[in-house]
Amino acid sequence: MTGMSGAGKTTLAFGVQEILARQGYNVYVMDADEYRKTLCKDLGFSREDRLTNIKRLASRAKELSEEYDLIIIAAINPFEEGRGFLREMYNSPLLYVKCELDQLIERDPKGLYQKALLPEGHPDHITNFTGISDPFEQLGKVDWIIDTSSVSIEDAIAQFVVYIQDYLKEQRATVFFQEFLSTLEQRTKSLKANKTDVELVAEQVFRSVFEIPVYDLMAFLYHDFRNLEQFESWIRKDEPEQDFKRRIAAFYRLLHAVDEQTDYRNQVLTNEQWQHWKEKGYIQISGLISEEDCDNVKEQICNYLEIDMWRSETWWPQDDRKLHSILLPSLVTPETKDISYNEQVRRVFEDLYESTALVPKMVPLGYNPPETTQSKFRGTGLHWDIDFEIGARYYIQGLIYLDDVDADGGAFSLIPGYQHKLDELLQEHGTADNALKWLEQQQLQVNLAGKKGDLILWLETLPHAATPNRMDKPRFVQYVAYQKVEILTT
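All of the points below concern the structure found in this document. (Residues numbered from 1 in each chain as written. Predicted model: local features only at pLDDT ≥ 70, side-chain atom pairs only at ≥ 80, totals over all residues. Heavy atoms only, no water.)

What about the pattern of salt bridges?
Inspection of every chain in the model, using the stated rule, returns 27 salt bridges. Note that Arg 47 and Glu 81 form a salt bridge whose closest N and O atoms lie 3.4 Å from each other. One end of the pair, Arg 47, is in helix H3 (residues 47–64); the other, Glu 81, is in helix H4 (residues 80–90), and 34 residues separate them in sequence. A relative accessible area of 37% means that Arg 47 is categorised as partly exposed. (Salt bridge = Lys/Arg side-chain N within 4 Å of Asp/Glu carboxyl O. Helix = DSSP H or I, 4+ residues; strand = E, 2+ residues; numbered from the N terminus. Buried < 20%, exposed > 50% of the residue type's maximum accessible area, 1.4 Å probe, protein only.)

So, the sheet that holds strand S10 (residues 412–414)
Reading across from one edge, S11-S10-S13 is the order of the 3 strands in this open sheet, with antiparallel pairing throughout. Two strands in the sheet have a free side with no partner beyond their single neighbour: strand S11 (446–448) and strand S13 (464–466). Along the sheet, successive strands turn relative to each other by an average axial angle of 30°, direction set aside. As judged from the 3 bridges shared by S10 and S13, these two strands associate in the antiparallel manner. Bridged to Phe 412 within S13 is Ala 466. (Pairing = 2+ DSSP bridges. Axes fitted to C-alpha atoms, helices over the stretch in contact; angles between N-to-C directions.)

Focus: the side chain of Asp 134
With respect to the helices, strands and loops of the structure, Asp 134 is situated in the loop between helix H6 (112–116) and strand S4 (144–147). With relative accessibility at 14%, the residue Asp 134 sits in the buried group.

A few points about the nonpolar core
By size, the foremost hydrophobic cluster in this structure holds 37 residues, and its most contacted members are Ile 301, Val 348, Phe 349, Leu 352, Tyr 367 and Leu 457. Looking at this core, the elements that each hand over two or more residues are helix H12 (271–280), strand S5 (282–285), helix H13 (291–305), helix H15 (343–353), strand S8 (365–368), strand S9 (396–401), strand S12 (455–459) and strand S14 (475–480). Here Leu 457 is in contact with Trp 277, Gly 281, Tyr 282, Ile 283, Val 348, Phe 349, Leu 352, Ile 396, Gln 397 and Gly 398, once residues within four sequence places are set aside. Listed in part, the 32 residues of the second largest apolar core include Leu 12, Val 16, Leu 70 and Trp 144. (Core = buried A, V, L, I, M, F, W, Y, C linked by side-chain atoms within 4.5 Å. Contact = heavy atoms within 4.5 Å.)

Comments concerning the side chain of Thr 148
Within the secondary structure, Thr 148 is located in the loop between S4 and helix H7 (153–189). Thr 148 sits in the buried class, given a relative accessible area of 8%. A distance of 2.7 Å separates the side chain of Thr 148 from the backbone oxygen of Ala 7, its partner in a polar contact. Aside from chain neighbours lying at most four places away, what touches Thr 148 is Ala 7, Leu 12, Val 97, Lys 98, Cys 99 and Arg 107. (Polar contact = N/O pair within 3.5 Å; in protein donor to acceptor, adjacent residues only side chain to side chain.)

The values reported here are purely geometric and, on their own, carry no functional implication.
So, in structure tokens, the structure goes:
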């Protein structure tokens with residue numbers, strides 16, 4: 001804390017200490033005036049002595065920091081050099097307790113201003129008094145300001161408590177985030193075969209909050225990672241520091257403070273849609289995404305893949321780094337985010353999960369050019385997106401058609417109702433691969449034709465696949481998904 005004599009630093013500090021103690025925090029207040037009688041009793045009030053004073057207080061605070069959740073240094077600290085020292089050496093946030101000089105002179109509880117204003121030569125005159133005969137230098141970076149000349153002491157204490165609580169939460173979030181990055185890097189490179197549900201949820205929430213496609217993350221960790229500081233810089237990119245801190249806080253909050261929702265109320269789905277979902281394992285809804293939003297994302301795909309819709313020879317990109325099979329794993333733009341974060345789409349997911357505690361996942365875009373004799377369909381056949389080491393989950397996948405799609409135009413396909421038969425199929429056929437071969441032989445797949453902007457959602461336990469595009473134009477889609485965040489810790 002910095003501020004001139006009489007501004008209220010000590011009163012604020014002890015008031016906050018009392019409130020935080022009732023909340024379970026162990027807080028220590030270092031009153032600079034008291035330390036002038038012990039640790040710093042040999043120091044005067046010259047610039048050099050004042051800087052030495054603040055360095056001693058900081059060193060002592062560092063020694064005590066293992067014993068306390070928070071240490072508050074209440075000192076005038078009038079020189080920017082001293083304030084900068086605390087920030088640079090100890091990363092200490094700064095509260096400026098502001099008060100106008102005329103009010104300080106009027107308050108003057110210790111009579112110090114009265115003495116400082118006495119003429120030189122007077123036996124009671126105080127020299128080197130901040131604000132009168134010594135400067136209080138203009139502040140540089142300040143984290144918080146409380147103006148005690150305009151608010152009551154009770155309101156000032158309440159403000160400071162809020163600042164401190166937010167700061168402590170931010171510190172916990174930062175530590176958690178850095179520990180998570182370290183664990184993620186180690187776990188990824190250890191090639192750990194099995195991940196717990198907690199680990200999977202945490203990684204998915206991480207990618208969603210920081211908007212990192214999974215392919216980009218894996219490529220960085222395997223090929224570019226040097227240290228945690230560089231990893232954090234890569235995640236942040238050019239984002240302003242305060243915005244990045246907000247993401248870290250959101251990441252921490254989602255994984256630690258998700259409330260159970262036992263009274264969820266439906267927002268979008270009709271009873272008929274719910275019944276279809278429960279029986280068939282999928283729904284198809286029109287009218288949620290505008291044609292303009294679809295066209296904007298389609299344009300982004302064409303620009304990225306260097307496709308000219310008026311020149312068919314450009315429709316078959318050869319750059320596997322941009323197009324994996326029929327997926328564009330790394331293209332994220334403001335236009336794609338408009339669809340990913342669409343409020344109506346989110347509400348459908350919320351209805352199906354019966355929860356508002358969802359985060360969007362970073363999932364690919366899709367591009368499926370017409371099949372020719374020279375360029376065959378590059379997608380996968382019928383499959384489940386299930387990690388059978390973990391087991392099936394209630395997890396919802398989705399896509400949005402960015403153009404009208406005919407049944408033979410690379411339409412999405414699935415086998416309705418077979419989410420209920422997964423265990424039976426695995427038991428009867430022994431493995432997932434054998435079960436899928438049998439299902440393909442039965443020719444049970446249904447191709448879902450649709451209009452531009454149609455949303456299709458399905459359970460991961462439903463067998464599904466993209467299909468060869470046998471029409472005369474490419475098929476464009478944007479995949480969408482939301483992850484329900486469960487409580488990881490209490």
